[in-house]
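A look at the structure
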Amino acid sequence: MRGNPTTTGLHTLPRPVAVVVGAGGVLGAAHIGVGHALERHGFVPDLIVGTSVGALNGAIAAAHPQRAAPWLDHVWTQLRRRDVYPLGYPSSRTSVFTDRGLRRLIARAGLPSRIEELAVPFTAVATDLVTGAGVPLDRGDLESALLASAAIPGMLPPVNRAGRTLVDGGLVAYVPVLAAQQAGAASVVVVATGPESAPLRPVVPRRRAGAIAARAGLLMLHHQIERDLHEVSRHIPTVVLPTGIETWPAPWDFGQSQRLISTACTTAERFLNGLRVGGPGLYRAEETSAPREGPREASLSSPANTAEVGL
């Protein structure tokens, strides 16, 4: 391992430290399990940066530091598809669904009206539909920032904000670690979910259009995530918290939230209990085979830009 002598745990990370919460739709339930683990360790970040569902979960964590996970746990375990993607009320020709479900969720979350009023500094990342640039939203109206960051193209309506047409930040920053570094973070703790964030398995998809398209999308997101993680970890400690989840639900299936929360909480907490930090690098559990549900010992290695984590 290269860098400074190894030190223990999250509380030794250089400040300011950012929690980065990735996209993932229904898979965002796993964020809550990781949030439980972080809160049990008494960890409060200096800033939170989120994309899409990660922006919504991240904003709630920024509003209620050290006590957001139980509230989010209750919300996610009660959530159903119609609450987020209501059918029968088309918004316009720009989307299949209206955003009124998301607006209701945001209204119930006890959030302030402006980003600057959150207890922990917060940035939501969206994408400019015209230029393709990532757009960090760290001030102004909070509701429109969250709606913009989560506006899945074609599914939810774009948001017009400050003369820009904004859609889901996951298009360019599925895991927005670059935005966190640009915001001044000296270290980052990454909360990412879904198969896009796990090591790729050499799977040949079925010879069906949907399966081929899904595999292509997985490859695209995986390579974007890995590129950004490795770039940031060259400069600052980058801790990626594992979820331990093997089987992810379908995009519309909110009925498995409790499983995702419980598995992610147990796995992330075990990882945090053994975390050792030694300067800039990528700190994560490295899988050598298919992951297993529930607690497990992770297989670890330390290639050129991946630092060790002791379990």
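Residues numbered from 1 in each chain as written. Predicted model: local features only at pLDDT ≥ 70, side-chain atom pairs only at ≥ 80, totals over all residues. Heavy atoms only, no water.

Looking at the confidence of the model for the protein
The predicted model of the protein has a mean per-residue pLDDT of 86, with 87% of residues at 70 or higher. Contacts for the low-pLDDT stretch residues 1-5, under 50 throughout, to residues beyond four places or in other chains number eleven contacts. Contacts from residues 288-311, a stretch scored under 50 in pLDDT, to residues over four places away or in other chains number 66 contacts. (pLDDT = per-residue confidence, 0-100. Contact = heavy atoms within 4.5 Å.)

Here we look at the nonpolar core
Ranked by internal contacts, the top residues of the largest apolar core, which has 69 residues, are W76, L111, F122, L146, V189 and L241. Here this core takes seven residues from helix α2 (residues 53-63), the largest share from any one element. In contact with L146, not counting residues within four places along its chain, are A55, L56, A59, I106, L111 and F122. Among the nonpolar cores identified, the runner-up in size contains 23 residues, and A179, A185, I225 and V240 belong to it. (Core = buried A, V, L, I, M, F, W, Y, C linked by side-chain atoms within 4.5 Å. Buried < 20%, exposed > 50% of the residue type's maximum accessible area, 1.4 Å probe, protein only. Helix = DSSP H or I, 4+ residues; strand = E, 2+ residues; numbered from the N terminus.)

Notes on the pairing of strand β3 (residues 47-51)
Most of β3 sits out of view: five of its five residues are buried. The two faces of β3 match: L47, V49 and T51 on one face and I48 and G50 on the other face are all buried. Across four bridges, strand β2 (residues 17-21) lies against β3 in parallel orientation. If you follow V21 over to β3, its bridge partner there is G50. With respect to chirality, the unit in which β2 leads through helix α1 (residues 29-40) into the neighbouring parallel β3 is right-handed. (Pairing = 2+ DSSP bridges. Right-handed = clockwise from strand over helix to strand, strands pointing away.)

What about the packing of α1 against helix α3 (residues 68-78)?
α3 packs onto α1 with a crossing angle of 155° between their chain directions and a minimal axis gap of 9 Å. Classified by the angle their axes make, α1 and α3 are roughly antiparallel. For α1 against α3, the interelement crossing comes out left-handed. Where α1 abuts α3, its residues A29, I32, G35, H36 and E39 lie against A68, A69, P70, L72, D73 and W76. (Axes fitted to C-alpha atoms, helices over the stretch in contact; angles between N-to-C directions. Parallel < 35°, antiparallel > 145°, perpendicular 65-115°, else oblique. Left-handed = near helix turned anticlockwise from the far one by under 90°.)

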